[in-house]
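Each chain, written out:
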Amino acid sequence: MFQLRFTTLVEAPLTVAFDVARVLGRPWPWALAEVSADRPHADEFHGSGGLLAQVRHTRRFSPTGAGTLVDEQVEWDNRVPGVLGRLLDQTVVRRHVLAAMQAHLDLYAAAARRRAEDVVQVVGAALVDGDRVLVAQRGSGPLAGRWEFPGGKVEPGESELAALVRECREELSVGITPQAFLGEVPLPGVVAGGAPGASTLRVWWGRITADHLVAHEHTEVRWVTGGELDDLDWIPADRPLLPAVRALLARL
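Residues numbered from 1 in each chain as written. Predicted model: local features only at pLDDT ≥ 70, side-chain atom pairs only at ≥ 80, totals over all residues. Heavy atoms only, no water.

**Description of the overall build of the protein chain**
Each helix and strand counted, the protein chain has 4 helices and 12 strands in total. Its C-alpha atoms put the protein chain at 75 × 40 × 30 Å along the principal axes. For the protein chain, the proportion of its 252 residues judged to be buried stands at 45%. Excluding contacts between residues fewer than 6 apart, the proportion of contacts in the protein chain whose partners are at least 24 apart in sequence is 67%. (Helix = DSSP H or I, 4+ residues; strand = E, 2+ residues; numbered from the N terminus. Buried < 20%, exposed > 50% of the residue type's maximum accessible area, 1.4 Å probe, protein only. Contact = heavy atoms within 4.5 Å.)

See the structure below:
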């Protein structure tokens, strides 16, 4: 079994990176059958064709502060056994697989970046003070009374971190300094009239650096420790981030 591995950083959220990859497919002249898919985290396809007796193509999608890291692995057996088969792989097959994947990944990265421009993203801030994090209680809407991290939608032409700073200023009258990316959660519903399930919530942790904390849009804000996070009734989008927030508070 021969293999090549490819890693690509795509300037797009998880859902966009996954969906565009699925639309573009794989760069092989024969069909592969889907073995498994876990949107937007991974998929795997198997097949065969040409000189290749068996092909296994897997993809893993991981969120980062700069976008989605896509890790692809292509494994194959060629139809010619023994020393001749190994020579054929080194001189012909590997070169063709490498060229096909490089061209495909360039096209994929550009297509995902363009698609991401049409998807409204949501950002959140886990604001930390010592061993505590700031949480806010929704004041209106169907999730009124439930808890979340401050944040909101990214405006057209605005970077995610600029949106994070602006939202904290508007909601809490505070200046913040974002520190590091914390995690990403797919949002199942419609955001700003977009396609269902296209947007995600991307969260950074940060610190308050200026002004007096005032809750303009929430019923209440409070500082809680990692051990108190599970005592609150969280909105569904933020709850998957709690383990990362607890781990952050434990190591600071």
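What follows picks up the thread again.
**Details of a nonpolar patch on the surface**
Taken together, the side chains of Val23, Leu24 and Leu107 present a nonpolar region at the surface, about 280 Å² in accessible area. With respect to the helices and strands, the residue Val23 is situated in helix α1 (residues 14-24). (Patch = residues over 30% accessible without salt bridge, like charges linked within 9 Å, V, L, I, M, F, W, Y side chains within 5 Å. Areas by Shrake-Rupley, 256 points an atom, 1.4 Å probe, with all protein chains shown as cover. Salt bridge = Lys/Arg side-chain N within 4 Å of Asp/Glu carboxyl O.)

**Describing the packing of aromatic side chains**
Tallied over the full model, the rule gives 5 aromatic pairs. On the numbers, 5.2 Å between centres and 75 degrees between planes, the contact of Phe181 with Trp204 is edge-to-face. Placement of Phe181 in strand β10 (residues 175-186) and of Trp204 in strand β11 (residues 200-210) is noted, with a sequence separation of 23 residues between them. Residue classification places Phe181 among the partly exposed positions, given a relative accessible area of 21%. (Phe/Tyr/Trp six-rings, centres within 6.5 Å; stacked < 30°, edge-to-face > 60°.)

**Things to note about the pattern of salt bridges**
Scanning the entire structure with this criterion turns up 19 salt bridges. The salt bridge partner of Arg26 is Asp43, with a shortest N-O separation of 3.1 Å. Pair noted here: Arg26 is in the loop between α1 and β2 (32-38) and Asp43 is in strand β3 (residues 42-49), with a separation of 17 residues, a long-range link. The buried category is assigned to Arg26, whose relative accessible area is 14%. By relative accessible area, which is 1% here, Asp43 ends up buried. Arg59 is the salt-bridge partner of Asp43, the closest N and O atoms lying 2.8 Å from each other. One end of the pair, Asp43, is in strand β3; the other, Arg59, is in strand β4 (residues 52-64), and 16 residues separate them in sequence. Three or more residues are tied together by salt bridges with common partners; here these are Arg22, Arg26, Glu34, Asp43 and Arg59.

**A few points about the UniProt feature "domain: Nudix hydrolase" (unreviewed entry) in the protein chain**
Cross-referencing UniProt, the feature "domain: Nudix hydrolase" (unreviewed entry) maps to residues 112-249 in the present numbering. Summarising residues 112-249: 19% helix, 37% strand, and an end-to-end C-alpha distance of 34 Å. (UniProt positions renumbered as here; feature names shortened; annotations may be inferred.)

**Comments concerning unusual backbone geometry**
The omega angle of the peptide bond from Arg39 to Pro40 is 0 degrees, so this bond is cis rather than trans. By secondary structure assignment, the location of Pro40 is in the loop between β2 and β3. One non-glycine residue, Ser173, lies in positive phi territory at about 60 degrees. Within the secondary structure layout, Ser173 lies in the loop between α3 (160-172) and β10.

**Some words on the nonpolar core**
Counting residues in each nonpolar core, the largest one holds 30 residues, and the members touching the most others are Phe61, Val74, Trp76, Val97, Met101 and Tyr108. Elements that contribute at least two residues to this core include exactly β1 (2-10), α1, β4, β5 (67-78) and α2 (82-116). Per-element accounting of this core gives the leading share, 9 residues, to α2. With sequence-adjacent residues up to four places away left out, Trp76 is seen in contact with Met1, Phe2, Gln3, Leu4, Leu52, Gln54, Val55, Asp89, Val93, Arg94 and Val97. Counting 25 residues, the second largest nonpolar core, distinct from the first, contains Ala126, Val128, Val203 and Trp234. (Core = buried A, V, L, I, M, F, W, Y, C linked by side-chain atoms within 4.5 Å.)

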